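# Structural description and commentary
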Amino acid sequence: MVDSKVAKKRISYNIELSFNKSTWKKLKPKDRDYYARDKKLEGFWIRCYKSGKTSYGCYARKGGVGRPINHTIGDCKVWNFEDAKKKAQATLQTIKYEGINPKTAIKQEASKDKTLIDLAHDYFLDNKSLVESTKDDYIRRLNNRMQSLIKKPVTEITLDDIMDWWHNCKGQSSDRTAFQYARKLTEQALAKRYVLENNFVRAKELIGTLPKLKIKKDHIPTDEIYPFFQAFLKASPVHGARPKRGKQISQTMRDYLLFILLTGKRRGEVSALTWNNVDFKKGTITLDKTKQGKVDVIPMSDLVFALLDYRFNMKGKTQSTRKHPHWVFQSRAGDGHIKNPDKALARLRERTDLGFNLSSHDFRRTFSTASYDLGLKKFDIAILLNHGKRDVTAGYINANVEHKRRNVELLGDFYNKHSSY
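This write-up is about the structure you can find in this document. Keep in mind it's a predicted model, so treat the numbers as computed, not measured. (Residues numbered from 1 in each chain as written. Predicted model: local features only at pLDDT ≥ 70, side-chain atom pairs only at ≥ 80, totals over all residues. Heavy atoms only, no water.)

### A closer look at the sheet that holds strand 7 (residues 284-287)
Here is the rule: A pair of strands is treated as paired once DSSP finds two or more bridges between them. Numbering goes from the N terminus for both helices and strands, where a helix is a DSSP run of H or I of at least four residues and a strand is a run of E of at least two. In what follows, residue pairs with any heavy atoms lying within 4.5 Å of each other are defined as contacts. Axis geometry follows a simple rule: fit a line to the C-alpha atoms, using only the stretch in contact for helices, then measure angles between N-to-C directions, giving values from 0 to 180 degrees.
With antiparallel pairing, 3 strands are arranged side by side in an open sheet as 6-7-8. Only two strands of the sheet have a single neighbouring strand rather than two, namely strand 6 (278-279) and strand 8 (296-299). In terms of strand pairing, strand 7 meets strand 8 through 4 bridges, oriented antiparallel. Within strand 8, the residue paired with Thr284 across the bridge is Pro299. Against the sheet, helix 17 (residues 401-418) makes contact with strand 7 and strand 8, and its axis sits at roughly 55° relative to strand 8, the strand it touches most.

Right, here's the structure in full:
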């Protein structure tokens, strides 16, 4: 029986020529792109496209082995032949004998001024699933914990720089988190060939085990609620009045912190709240950008309703004392929302004697503890806090808005009672 299979010879469209300044003009387009290779300078080529366009380029293998690395120099109509040949010679030297990919070198040059903060913003653009609170945490921790490193371009951050930072920092769990963020961002930069190695990975080998994360349990105890609110009132301006410089917080920050205390929500979720999320008729607030990626419907208590109604009807002369058309908690200037409550919290710390470093998340823990003290079920507390992990029954129970409303009213009454109204 005769084998019907016929071997097909692969036809090469590529050709070899001795290049001169007019070679590219003599090349005619074919039904597919092809290369003309120079007989004199190994690796130097002219690519002829189906459209008739021609461009200079070259290729070589690192150290003469491995896959060839192609590098396009530019359009033959734009590049002078002698200049293109000199560029090819230099590029071939870089690839073959120095082992450097020109594309990597170009990316490094383009990114030589990028800092860790710049890398963070690049990371946010690439990862659309990141929520605002996570982005805020990246920037805040890098700014607060790595001041000596964030000022340097990432291409200039050496292993010694990282180890000097580590030796000088306190080695707290927040330093650990900042280090992990920086290592993650530099890994992203390595993937994009902005840097040739991740010095944070090398530093981790020298540091060894990082400090364990300390689970913070600070909150405002029930017997401290009254003095806390006394301090809160003294640190807050009267409605419509300007805050005392250096002594009081702004009206917006006052309402923002009070909103967190009354609802137990995360700082990033609250700061980005818009008037479109507020429904006064139904008495609900809808958070669509939560840490868990789930929509969270918050029923308003009487206190929260009064707070939002006041902000909706503000007609002050400054941006911070009048209603913003978009944001519920607007910034003092510009067209954005408030971002960092740390200065306001510092004002409160000066007036309180809580025995711990007060943070916005302590308000969330206070809300959670008060809910527990009121005897709410764990499932109900998890619903109010919009926790990601709940009991298995969570898959079978839909939390009724009115049921949630009764619970948040209990929280409002709890604060009123323990602060002597």
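### Focus: the packing of aromatic side chains
As a reminder of what qualifies: In summary, the pairing rule links any two rings of Phe, Tyr or Trp, Trp by its six-membered ring, whose centres are within 6.5 Å, and it sorts them by plane angle into stacked for under 30 degrees, edge-to-face for over 60 and tilted for everything else. We call a residue buried when its accessible area falls under 20% of the maximum for its residue type, exposed when it is over 50%, and partly exposed in between, using a 1.4 Å probe and counting protein chains only. We count a charge as sitting over a ring when the NZ of a lysine or the CZ of an arginine lies within 6 Å of the ring centre and within 35 degrees of the ring normal.
In this structure the tally under the stated criterion is 25 aromatic pairs. Each ring, one from Tyr123 and one from Tyr138, has its centre 5.7 Å from the other, and the planes form 50°; the classification is tilted. Residue Tyr123 is located in helix 4 (residues 116-126), and its partner Tyr138 is located in helix 5 (residues 132-145); the two are separated by 15 residues in the primary sequence. For the residue pair Tyr123 and Tyr138, the accessibility class agrees, reading buried in each case. On the basis of an interplanar angle of 85° and a centroid distance of 6.0 Å, the ring pair of Phe124 and Tyr138 is categorised as edge-to-face. Pair noted here: Phe124 is in helix 4 and Tyr138 is in helix 5, with a separation of 14 residues, a long-range link. Grouped by ring-pair contacts, the aromatic residues Phe228, Phe229, Phe232, Phe363, Phe414 and Tyr415 constitute a single cluster. When the ring centre of Tyr13 is taken as origin, the NZ or CZ atom of Arg32, which lies over that ring, is 4.9 Å away. Over the aromatic face of Tyr49 sits the side chain of Lys53, whose NZ or CZ is 5.7 Å from the ring centroid.

Any functional reading would require information that these geometric values do not contain.
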